Structure formats: structure tokens, C-alpha cells
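Chain residues, written in single-letter form:
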Amino acid sequence: MTALLEVSDLFKTFGSGEAETRVLRGLSLTLAVGEMAALLGPSGSGKSTLLTILGTLMKPTSGCYTMLGQDLVTADDRALTEFRNRHIGFVFQFHNLLPDFTALENVVFPTAVREGRETEQARERGRELLVRMGLEARVDFPSANLSGGQKQRVAVARALMNRPELVLADEPTGNLDRDSAMQVMDLIAEINRDEGTTFLISTHDEKIASLCARQIVVGDGLVTG
Amino acid sequence: MLYGLKIATRYLTASKAQTALLVLGVAVGVFIFIFMSALIGGLAEFILSRTVGDISHITIQAEDPDPAVLIDDDGHVLAAIERGRARTATLPDAATYLPLIKSVPGVVAVSPQIGGAGFLARGAQVAQVSVTGLEPGRESAILNLRGYIVEGSERLGSGIVVLGETLADDLSLRLGQTLRLQSSTGASAVLTVGGIYDTGNGMIDGSSVYVSLPTARTLFALPQGVTRIEIKLSDLNAADTTALRIAALTGLDAVPWTDGAEQLMEALDAQAQTGYFLKTFALITIVIGVASALLLSTYRRRPEIGIMRAMGAGRGFVIFVFVTQGALVGLLGGLSGAALGYLALLPFPSRDAFEAGTLPMDITQGSYGLAITLTVIGAILASILPARSAARVDPVTAIGQ
Ligand SMILES: Nc1ncnc2c1ncn2[C@@H]1O[C@H](COP(=O)(O)OP(=O)(O)O)[C@@H](O)[C@H]1O
Ligand SMILES: [Mg+2]
């Protein structure tokens, strides 16, 4: 088993004095390449905080974080932006898509922003991903007009666009009805099986978590199970 | 950064009404800028053509030699040059200078003249007049006599005098009648009225008379030389530099019209300042409008900016997207404002046909290119603050998980 990422002794504290919230308190975690893991824990337990740190969108107060052999705690904004673009995909619960762009335009964004333009090659891959997500009829649809489940599937396609090693999904199904949620989870499982992409999916839904091979439970700022 | 341009245009076209309003606001600012430029420029043109269009742009006036005495070691006066009394100061070598002056770039007309004081007598009536001798055949070189003639002709020949309507009325003179003109030197001539003019200038109409240069020579006992050389230029704003050039070339004291026109120049200057002031305000309005609209837009699009940053868009990319929006708004507003300004100025008479009572708008002085350039630059500057605030958006709080 090869480690994709490793965090150790992670601390994250918000605010100071009276308002001080110590969210992560020495958390350590390793994810192997190709894992499909659920991040479980009650609301407010720090799931989103951990995902944001793993996604290099926020720095921990202290602790170590390496992924693909790179130290991501000391790297500067430019290096992290580049790293995110190439190696990490995101699926968020809300505000996922750019509403003024079509489904396909949203999907190709990570590639286009890196290459400075939308190439036909990128559009071709974007189209394939949307077809894979069962959205062939919605390729050129304005993303604002898609249903919640469709939006999340577009978001999954976009997260996969640059063939990242890791996809972080923060309650990707939290907003969806049961059927749409299952459809999204099935697609994620399929990608994980076929392409070996590592997924870390936060949820407080046991049923969703049971679809993942590994369950990581956080509580009191630590991994408890 | 083709892709950044695509995002920027999409953002602008996504909220069409808002963008249209913003562009319209910018266009109105540009319109005011252009309107002010055309008005201030046209007004200056109008005032100058009315006040100095008809006068000599550079004048070389003969000077009396300064009184001087030569005193020997014992204090005896050996020689003295007194200031002439009866004799007028002259430019004796005028004939040699004229071709030289004509060859100076920008000079369109050179008029050698003999001027002096005299008395006009018609029967018992006498009027004091200022007499000017002009080259026959080139009477309208400086003052457009031909254009002001109401009766007869401006042509001067031997025994002909041309005078103003006011003077003619004062002395009950009519075309073809004769009069006696006596100069300050005592010589006199009997002349026939060959033409009557009306310039609208009280001095010229009421107390000036024009005779031919040979007639003036007799009257003022000047067998050669002239007392004054008047010069007209193609560009009256070049008077100062051209005068210096002529002075250097001839050694004569060439005086540009701007000497002694300080008040006029100050008035024109103040007018231009007012124009700059209003144009600056128009630009400031544009800058504030663009800045506030874009600031609002960055605020509204915070979640999207967060998403883009999470997907690997750098700060530079975000700045580019918003600055490009500003530049596009500036360009669109600038172009449409300039077009609007041009269309609005079309109905005004051209600069050669200004009429009293209408605004002397000069469509050629709209500064269209300058207006568009300054607007684009202003809009880009205005978008820097919003763009920087957009680039500083924290993806975590913006996405708000
Ligand atoms: N930016 C922040 N400032 C202050 N407190 C925060 C911030 N982000 C999260 N928190 C706090 O940290 C705790 C964990 O939040 P979060 O990671 O969102 O938990 P979860 O995703 O498991 O619900 C909560 O108590 C929350 O109020
Ligand atoms: Mg959360």
C-alpha cells in the first residue's frame, strides 16, 4: 500500500481568547493511493476544516502535511494553486458551479485555466466525462438550469477533469434526495474502481458512508475510529 | 490570456441590463468630455477669429531713434540726435526685408504700410483721421477690406481714398465725392472717395482712411521706406515663435499680436482651465462609476471566485478577469460616447461658418481619440481596486461550507 498523503499532529484553532475554538487537536491520518474513504462525525466535529486543509485552501495552525512527497504546509500560494490544479479535485455541497457557464464549460475550467484557453482536446475530455456522468443531454445546458443532482454530477466530472490523484468531497450529497444521492455515490465508486482515484467524502449519513471501503470518524479534534 | 477574456465577457453579458447601464453611464461621461472639448475649442477659435483674425499677427513698427548726445572730455556737446518731431520714424530698408520675411515658414501675407495722422476736410467740416497707405492691389492682405465694402470698391489708386461708413456719414460724404486730406507734415492732397466700408469696429469705421502707398509717400514726404510692416500667419498661435524668427532674421523689432493681448490670452486660458476642470470631473465620474459597479460585482461573485481559486485559478487570473471587465466597459462606453458626441455635434455649423447667437461648437476639436484613451485608462485604473479585492477573496469563507 502506497501512501498518497500523510498528516500528523494537525492542530487548527479559530479565533483567540474567549472566542477560541480548537477544532483539530493533534489529528493524524494517512490515505493510501486508490482508497475510497468516508469522513464521518457529527456536525461541527471539524470534517470541513480537515478537508479544507487537505485541499490546501487553508493552512493548519500547526502540524505536518505531505502529499505526493511535497510539503504542503510551507508552500506559498502560487505553488499551492498549481498543486491543487494538477492533483486535487473538489466537490462542494453548495455553490459548486459557475452559474453563467454551461455544464461543459464548467467541467473544462480546471484545464482551460491552466492552458490559458479552451482547447478542443479539453472539450472532448469534458464531453466524455459528462457522458460518463449520464449527462449527454445536458452538455451545453446553462448550469444554473440544472437540477441539484445534475449539478453535483457536473461537479464530479469537473473534479476529475485534470485526472487528479485525490478528490475531496464535502457532503456532496447533503443537498440531494435519496435517489440522486445514490446515483452520485455510484458514479464516484465506479470512477474509484476503474481509475484508482482516491476519494475522501465527508458525510454524516451512515448509509452513504457504508458505500465506502473505509470509514474515518472524527471527534474531539482527533480520528476516533 | 484568451480564457480570462472569455470569462470577463461572459460576466459582462450575463447581466446585460446592468452592463448596458454601466456602459451608458461611461458613454455619458465621454459625451460630456467631447462636448466640452468641442465647445471650449470652438469658443477659443471663434473669439480669436473675431478679435485677431483681422489684425496683423506680427507687426514691425519703425522706432524713433532715441535722443542721444555725444559729449567730449570737457563736457561740450559735440553732436546730438534729437527725437524727430515733424518727421515720422521709418524703416528705410523695408524693400530688402520684405522678400526675407515672406520666405519665413507660416507667413501668408506681408504688407508694407505708411501710417500717420491727418485731417480730412470737406467744405467747412474737418475730422481728425489716421491715414494708412497700402500697396495697391493688395489692400485686403491684413484687414479684409474687400469683405467689408458696402459701396464702391476697396481698390486704391492715385487720388483714391477709401473710408468708413461712420466717417462718411459724419462728413456727409458719398461715393465719388472729393475731399482734402492734409497730413501732419503739412502736405495735402485732393482725393476722391472710391469705397466705403463697414467693419463693425468703431475706430476703423469712424476715424481711419486708406490711401495707396504712393499717395501716402507724398502726404508724409517719404520717398522711400515705410513706417510699418504688418504680417499675417497661417497659424495665429505661432505668432510668438515666428516673431522671434523674423527678429533674428532681420534685426527688426517684430512684435507678435500676443504682446498687449494679455487679457485676451488670460481669458482664453481661464476658459481652457474651466474646460479641463469639467473634463476631469467627467473622467472622475467614469472612474467612480466603473469602480463601484465592479466592486459590487466582485462582492456578488465571491462564491464563484472561491470556486475558481479552488480549481487552480491564480490570483493573477482573477485580477485579469476583473481588470478586463473594466477595460471592456471603458472601451465600449468610450466608443459609444464618442459616436454619440460626434452625432450630436454634426448639426452645428462648421468652424468657418460660426454664427453669432449659436454655440460655436467645433466638431473637429472633440478630442475623440483622447477621450476614448483616457476613458479606457480610467476604467482600467478603476477596476484595479475591485480586482485586487477579488483576488484576495478567501476561497474557504467564499464557498462557505
Ligand atoms: N472560519 C472559522 N472561524 C471560526 N470558527 C470556525 C471557522 N470554521 C469553522 N469553525 C468552527 O469549527 C468547528 C468545526 O466546523 P466544521 O469543520 O465546519 O465542522 P463540520 O464540517 O464537521 O460540521 C465549528 O464549531 C465551527 O463553528
Ligand atoms: Mg461541514
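Remember, predicted model here, so these are calculated numbers, not experimental data.

Draft legend 1. Inspection of the overall build of chain B at higher detail. Secondary structure assignment for chain B yields 13 helices and 12 strands. Taking 2.2 N^0.38 as the reference for a compact globule, 401 residues should give roughly 21 Å; the C-alpha atoms of chain B span a radius of gyration of 33 Å, well beyond that estimate. C-alpha extents for chain B along the principal axes are approximately 110 × 65 × 30 Å. Across the 401 residues of chain B, 44% fall into the buried class. Taking as baseline every contact in chain B between residues at least 6 positions apart, the subset at least 24 positions apart corresponds to 76%. When the accessible surface of chain B is totalled, it reaches about 19,400 Å², and 60% of it is carbon and sulfur.

Draft legend 2. Structural detail: empty space enclosed by the protein. A complete count under the given rule lists 2 cavities of 30 Å³ or more for this structure. Taken as a whole, the largest cavity holds about 60 Å³ of empty space. Taken together, A:Arg84, A:Asn85, A:Ile88, A:Gly89, A:Pro110, A:Arg158, A:Ala159, A:Asn162, A:Pro164 and B:Met311 form the lining of the largest cavity. For the lining of the largest cavity, the secondary structure elements donating two or more residues are α2 (77-87), β6 (88-91) and α5 (148-160) of chain A. When grouped by side-chain class, the residues that make up the lining of the largest cavity number 5 nonpolar, 3 polar and 2 charged.

Draft legend 3. Layout of the layout of surface pockets. Of the volumes computed, that of the second largest pocket is approximately 350 Å³. Lining the second largest pocket are 15 residues; nearest its centre among them are A:Arg78, A:Thr81, B:Gly312, B:Ala313 and B:Gly314. Residue contributions to the lining of the second largest pocket peak at 5 residues, all from α2(A). In the lining of the second largest pocket, the residues fall into 4 nonpolar, 6 polar and 5 charged.

Draft legend 4. Spatial organisation of the pairing of strand β4 (residues 62-67) of chain A. Residues and elements named next belong to chain A. The pairing of strand β1 (residues 3-14) with β4 spans 5 bridges and is antiparallel. Within β4, the position partnered with Leu-5 by the bridge is Met-67. Where β4 lies against strand β5 (residues 70-71), 2 bridges are found, and the strand directions are antiparallel. Bridging from a neighbouring strand, Thr-66 pairs with Asp-71 of β5. Between β4 and β5, which pair antiparallel one after the other, the connecting turn spans 2 residues, and Leu-68 there sits at a positive phi close to 50°.

Draft legend 5. Local environment of the UniProt feature "transmembrane region" (unreviewed entry) in chain B. The sites that UniProt annotates as "transmembrane region" (unreviewed entry) are residues 21-44, 276-296, 317-345 and 365-385 of chain B. What you have in residues 365-385 of chain B is 86% helix and 0% strand, and the ends, taken at the C-alpha atoms, are 33 Å apart.

Draft legend 6. Seen up close, the sheet that holds β5(A). All names here are of chain A. The 4 strands lie next to each other as β2-β1-β4-β5, forming an open sheet whose pairing is antiparallel. Among the strands making up the open sheet, the edge pair consists of β2 (21-32) and β5. Against the sheet, helix α1 (residues 47-54) touches β1, β2 and β4, its axis set at about 125° to β1.

Draft legend 7. Here's a closer look at the interface of chain A and chain B. The interface is formed by 29 residues belonging to chain A together with 27 residues belonging to chain B. Summed over both partners, the interface of chain A with chain B buries about 2,500 Å², with 64% contributed by carbon and sulfur atoms. Here chain A and chain B share 6 salt bridges between them. For the pair chain A and chain B, the interface holds 12 residue pairs in polar contact (both at pLDDT 80 or more). Elements with a contribution of two residues or more to the side of chain A that touches chain B: α1, α2 and α3 (103-115) of chain A.

Draft legend 8. View of the pattern of salt bridges. Within the structure shown, the criterion is met by 21 salt bridges over all chains. In this structure, A:Arg127 engages A:Glu120 in a salt bridge whose closest nitrogen and oxygen atoms are separated by 3.8 Å. Judged by relative accessible area, A:Arg127 falls into the partly exposed class, the value being 28%. Here A:Glu120 falls in the partly exposed class, since its relative accessible area comes to 45%. Note that B:Glu135 and B:Arg138 form a salt bridge whose closest N and O atoms lie 2.7 Å from each other.

Draft legend 9. View of a negative patch on the surface. Residues and elements named next belong to chain B. On the surface, Glu-63, Asp-240, Asp-253, Asp-259, Glu-262, Glu-266 and Asp-269 cluster together into a patch of negative charge. For Asp-253, the position within the fold is in the loop between α8 (239-250) and β12 (254-256). Overall, Asp-253 belongs to the partly exposed group, its relative accessible area being 42%.

Basis of the calculations
Residues numbered from 1 in each chain as written. Chains lettered and ligands numbered in written order. Predicted model: local features only at pLDDT ≥ 70, side-chain atom pairs only at ≥ 80, totals over all residues. Heavy atoms only, no water. Helix = DSSP H or I, 4+ residues; strand = E, 2+ residues; numbered from the N terminus. Rg over C-alpha atoms; globule rule 2.2 N^0.38 Å. Buried < 20%, exposed > 50% of the residue type's maximum accessible area, 1.4 Å probe, protein only. Contact = heavy atoms within 4.5 Å. Areas by Shrake-Rupley, 256 points an atom, 1.4 Å probe, with all protein chains shown as cover. 1 Å grid on protein atoms, 1.4 Å probe; cavity = no way out; pocket = protein on both sides within 12 Å on 5 of 7 lines; lining within 4 Å. Points joined across faces, edges and corners; volume = space filled by probe spheres on them. Nonpolar A, V, L, I, M, F, W, Y, C, P; charged D, E, K, R; others polar. Pairing = 2+ DSSP bridges. UniProt positions renumbered as here; feature names shortened; annotations may be inferred. Axes fitted to C-alpha atoms, helices over the stretch in contact; angles between N-to-C directions. Buried area = accessible area lost by both parts, 1.4 Å probe. Salt bridge = Lys/Arg side-chain N within 4 Å of Asp/Glu carboxyl O. Polar contact = N/O pair within 3.5 Å; in protein donor to acceptor, adjacent residues only side chain to side chain. Patch = residues over 30% accessible without salt bridge, like charges linked within 9 Å, V, L, I, M, F, W, Y side chains within 5 Å. Lys, Arg positive; Asp, Glu negative; His and termini not counted. Charge placed at Lys NZ, Arg CZ, Asp CG, Glu CD.

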